[in-house]
Amino acid sequence: MATLRELKGRIGSVASTEKITGAMKMISSAKMRKAEQALRRLVPFRAGIRGIIANLLASDAEFNSPLTEVREVRRLVVVAFGSDDGLCGAYNANLMKFVQAHLEDLRAEMGEGLPVEVYAVGSKMLKATARLGSMDGITVSQPEGVDSKTDGDGVKALLEALMQRYLAGEIDRVDLAYMHYHSAGRQRAVADVLLPVNPAALAGDGAAASNKPYIYEPDAATIFRTLLPMHLLASLQDAFAENRASEQAARVMAMQAASDNARKLLEQLQLEYNKLRQQSITTELLDIVGGQARD
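These numbers come from a predicted model, not from an experiment.

Colleague: Can you help me understand the overall build of the protein chain in this one?
Modeller: Looking only at helices and strands, the protein chain has 6 helices and 5 strands in total. Counting from the amino terminus, helix and strand elements in the protein chain follow one another as α-β-α-β-α-β-α-β-β-α-α. Its C-alpha radius of gyration of 28 Å places the protein chain more than 25% over the 19 Å reference for a compact globule of 295 residues. For the protein chain, the C-alpha atoms occupy an extent of roughly 115 × 45 × 30 Å along the three principal directions.

Colleague: Would you take a moment to explain the pairing of strand β3 (residues 138-141) for this structure?
Modeller: If a strand is regular, its side chains alternate between the two faces of the sheet. In this sheet, β3 lies alongside strand β2 (residues 116-121) in parallel orientation, the contact comprising 4 bridges. Along β3, the bridge assignment pairs Val-118 with Val-140. A crossover connection joins β2 to the parallel β3 through helix α3 (residues 123-129); in handedness this β-α-β unit is right-handed.

Colleague: Looking at this model, I keep getting lost on the nonpolar core. Mind explaining?
Modeller: Grouped burial of nonpolar side chains is what soluble globular proteins tend to show. Counting residues in hydrophobic clusters, the biggest one holds 35 residues, and the most contacted among them are Val-79, Phe-81 and Leu-195. Secondary structure elements with two or more residues in this core: α1 (4-57), β1 (76-81), β2, α4 (153-167), β4 (173-183), β5 (186-195) and α6 (220-294). With 10 residues, the top contributor of residues to this core is α6. Among all residues touching Val-79, those that are not within four sequence positions of it are Tyr-119, Val-121, Leu-162, Val-174, Asp-175, Leu-176 and Ala-177. One finds Met-96, Ala-120, Leu-132 and Ile-138 within the second-largest nonpolar core, a separate group that totals 21 residues.

Colleague: Can you help me understand a negative patch on the surface in this one?
Modeller: On the surface, a cluster of negative charge is made up of Glu-104, Asp-105, Glu-109 and Glu-112. Secondary-structure assignment places Glu-109 in helix α2 (residues 91-110).

Colleague: Looking at this structure, I do not really get α4. What am I missing?
Modeller: For an α-helix, the turn length of 3.6 residues means that residues three or four places apart are oriented alike. A rise of 1.5 Å per residue sets the reference length of α4, with its 15 residues, at 21 Å; its end C-alpha atoms lie 21 Å apart and thus fit the reference within 8%. Once α4 ends, the next one or two residues include Gly-169, with phi positive near 85°.

Rules used throughout
- Residues numbered from 1 in each chain as written.
- Predicted model: local features only at pLDDT ≥ 70, side-chain atom pairs only at ≥ 80, totals over all residues.
- Heavy atoms only, no water.
- Helix = DSSP H or I, 4+ residues; strand = E, 2+ residues; numbered from the N terminus.
- Rg over C-alpha atoms; globule rule 2.2 N^0.38 Å.
- Pairing = 2+ DSSP bridges.
- Right-handed = clockwise from strand over helix to strand, strands pointing away.
- Core = buried A, V, L, I, M, F, W, Y, C linked by side-chain atoms within 4.5 Å.
- Buried < 20%, exposed > 50% of the residue type's maximum accessible area, 1.4 Å probe, protein only.
- Contact = heavy atoms within 4.5 Å.
- Patch = residues over 30% accessible without salt bridge, like charges linked within 9 Å, V, L, I, M, F, W, Y side chains within 5 Å.
- Areas by Shrake-Rupley, 256 points an atom, 1.4 Å probe, with all protein chains shown as cover.
- Salt bridge = Lys/Arg side-chain N within 4 Å of Asp/Glu carboxyl O.
- Lys, Arg positive; Asp, Glu negative; His and termini not counted.
- Charge placed at Lys NZ, Arg CZ, Asp CG, Glu CD.
- Expected span 1.5 Å × (residues − 1).

Below you can see the structure in the form of structure tokens.
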């Protein structure tokens, strides 16, 4: 049985842990709100790009671009998003399981020997996916200068590298595997095809597109080819932003659970401390009473 001194030390330790987890929850909440704001700022740009493309596709012009070319997939790149920091619960583990299941589905569809390159975004995801490198035909690496906090020029540089490889024929498809942010309490792992671009899906986004006749300057096909890289950049930026928001939301939930557990443990320890202290007092009183009786 623990002594009063040991229990008092454990109570102090658990109380300190509760304060730390509570502070980390507040910090993560602030970061999550900031990531949510970044997501909201991306919506008008992405919606505008898709609306223009949908209007273009609704016209009678013919459109073609190397970025929409669908070819036999002989080499695939999967950009797997994760975190650089820990203490976010099962966030990275769930993403890792999803990436592994996605790779198995792709190989079942396209061939077991399909060469796959996994671009791990975030040191935790790189560590989690490292064991995939032992599988035949799968290589794992981390894009230079890219992590889970990358924004702006870093995202653009990654997209340009992927587009160059796709246009050069080095890769035939690029998938994004990340955690889609629904709300602070709900995130879902998804996989989207970044390249090649599916014009039919973009046309579907333009259900509310105007049917009014437009005069395009320059021609519609040139505008279409100019807008596609902007659409891809918006999609990649959206994946980074959703990944950051989901990571912070998972960390908020993890720190909340840790704080609740620390509070419950603190109550149990305090109860045990009080019982042991009362027992000690009772023993001392019995010794005093027993001594007076003998006198």
